[in-house]
Amino acid sequence: MPGIWIYSEDSAVARQLLTAGLTLKQSMQQPVNVLTLEESDAPGLILAGADKVVVLKGTNPWPESYSAAIETLLKEEQASVFLIGATLRGKDLAAKVAAGLKAGLVTDALTVSYVSGAIETTRLIYGGLAVRAEMVALPAMVTIPPRTFAEAESCGGQGQTVTLPVNNEVAGVTIQNVCPIVRQGADISAASRVVCVGRGLAKQEDLGLAEQLAAAAGAEIGCTRGISEDYHWLPNDRYIGISGQKVKPELYIGMGISGQVQHVVGIRDAKIIVAIDTNEKAPIFEAADYGIVGDLYEVAPLLTAALQKK
Ligand SMILES: Cc1cc2nc3c(=O)[nH]c(=O)nc-3n(C[C@H](O)[C@H](O)[C@H](O)COP(=O)(O)OP(=O)(O)OC[C@H]3O[C@@H](n4cnc5c(N)ncnc54)[C@H](O)[C@@H]3O)c2cc1C
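Residues numbered from 1 in each chain as written. Predicted model: local features only at pLDDT ≥ 70, side-chain atom pairs only at ≥ 80, totals over all residues. Heavy atoms only, no water.

K.L.:
Can you lay out the overall build of the protein for me, pointing to particular residues and giving the numbers?
P.N.:
Each helix and strand in the protein was counted, giving 9 helices and 15 strands. Structurally, the protein occupies a C-alpha span of about 65 × 50 × 35 Å along its principal axes. A separation of at least 24 residues holds for 63% of the contacts in the protein among residues at least 6 apart in sequence. In the structure as shown, the protein presents an accessible area of about 15500 Å², 52% of it carried by carbon and sulfur atoms. (Helix = DSSP H or I, 4+ residues; strand = E, 2+ residues; numbered from the N terminus. Contact = heavy atoms within 4.5 Å. Areas by Shrake-Rupley, 256 points an atom, 1.4 Å probe, with all protein chains shown as cover.)

Pasting the structure below:
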């Protein structure tokens, strides 16, 4: 039976996609089904409105190894829409499944709706300078970045859970060793406050200024690409922008950041943007809610002291 299908190996993202799926359900009049690798996620997804949760059980632990099984299942079920979380692994899996199904795939969609028998999506192009609307014929596949939608909340749903054993061994590949990446500090993409430093900072030792401001504001430290990739003053998972992290904090304070579009794309969903820069013509001031034209070496300590007093 045609239906809307959802998958992310990340439980929170799966619930965010469910929000999008439930909206499509209203206009398409088709059930919303979720694929998951985590049996323990199934009850929450059902309560949040999934009509069916299929728990995929394979022997290979890698999410991307499930692509063939997912492709077969979607064919059998005549899926009309497949929404996938745009995580690194989700993108990998989406490409494989789309090629197998010969389905149209739109990546990094910010909106998804059902219009005139097809799926309409919007996404940013040209490094965030423009928004493109695209129509995809059914069956349509769409990847959606984490935190694009709020997580679906419990609504007392009463769908069913099915467990499906699958063969997801990858011929010729043996996993010999797994080394998880150790993050320094919290995940800034989920931080509610971010203090971000740019190349206006003269030396690495001056990072202390940002750290003190971040401590006073209860914020995580982020940076522009040059600070991590060129100077190596902060790890790569700290830089914000089109090729780095996208953040959605309540408060973002940028210091010594010019505000090039590649960076601003990563902060466009911040609720309040405060910018400190000596150059009053810096583009960051166009994106900012509050702009302070001044030297960060003078302004940051004053802000820190004011916050500490509060
Ligand atoms: C394909 C591509 C992808 C990219 N992806 C990203 C990305 O994801 N994220 C990203 O950040 N960048 C990205 N970039 C780089 C981006 O284009 C900019 O070069 C970068 O964001 C600029 O970083 P910045 O603002 O720290 O430095 P600058 O542009 O050099 O700005 C420094 C600012 O500090 C100010 N300043 C100097 N001294 C002081 C002081 N004492 N007090 C206050 N202000 C001061 C200056 O007036 C200036 O405005 C990308 C570029 C390309 C080509």
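K.L.:
Give a detailed account of the sheet that holds strand β3 (residues 52-57), specifying residues and quantitative values.
P.N.:
Pairing in this open sheet of 7 strands is parallel, and the strands run β5-β9-β4-β1-β2-β3-β10 from one edge to the other. The two strands at the open ends of the sheet, each matched to only one other strand, are β5 (104-106) and β10 (160-165). Neighbour-to-neighbour, the strand axes of the sheet open up by a mean angle of 20 degrees, direction not taken into account. Where strand β4 (residues 81-85) meets strand β9 (residues 140-144), 5 bridges bridge the pair, whose relative direction is parallel. Along β9, the bridge assignment pairs F82 with M141. (Pairing = 2+ DSSP bridges. Axes fitted to C-alpha atoms, helices over the stretch in contact; angles between N-to-C directions.)

K.L.:
Explain the side chain of R123 to me, using residue names and the numbers behind them.
P.N.:
Considering the arrangement of structural elements, one finds R123 in strand β7 (residues 118-125). Residue R123 is classed as buried on the basis of its relative accessible area of 18%. A polar contact of 2.8 Å, which involves the side chain of R123, links it to the side chain of E134. If we ignore the near neighbours within four places in the chain, the residues touching R123 are V106, T107, D108, A109, L110, A130, V131, R132 and E134. (Buried < 20%, exposed > 50% of the residue type's maximum accessible area, 1.4 Å probe, protein only. Polar contact = N/O pair within 3.5 Å; in protein donor to acceptor, adjacent residues only side chain to side chain.)

K.L.:
Give a description of the nonpolar core that names residues and reports values.
P.N.:
Ranked by size, the top nonpolar core spans 28 residues in total, and within it L18, L24, V53, L83, V112 and I119 carry the most contacts. Those elements that provide at least two residues to this core are β1 (4-7), α1 (11-28), β2 (32-36), α2 (42-47), β3, β4 and β9. Looking at this core element by element, the count peaks at 6 residues for α1. In this structure L83 touches W5, I6, Y7, L17, A20, G21, L24, V112, V142 and I144, once residues within four positions along its chain are discounted. Judged by nonpolar contacts, the second largest core, of 23 residues, contains A219, W233, Y239 and I253. (Core = buried A, V, L, I, M, F, W, Y, C linked by side-chain atoms within 4.5 Å.)

Remember that the coordinates give geometry; whether it matters functionally is a separate question.
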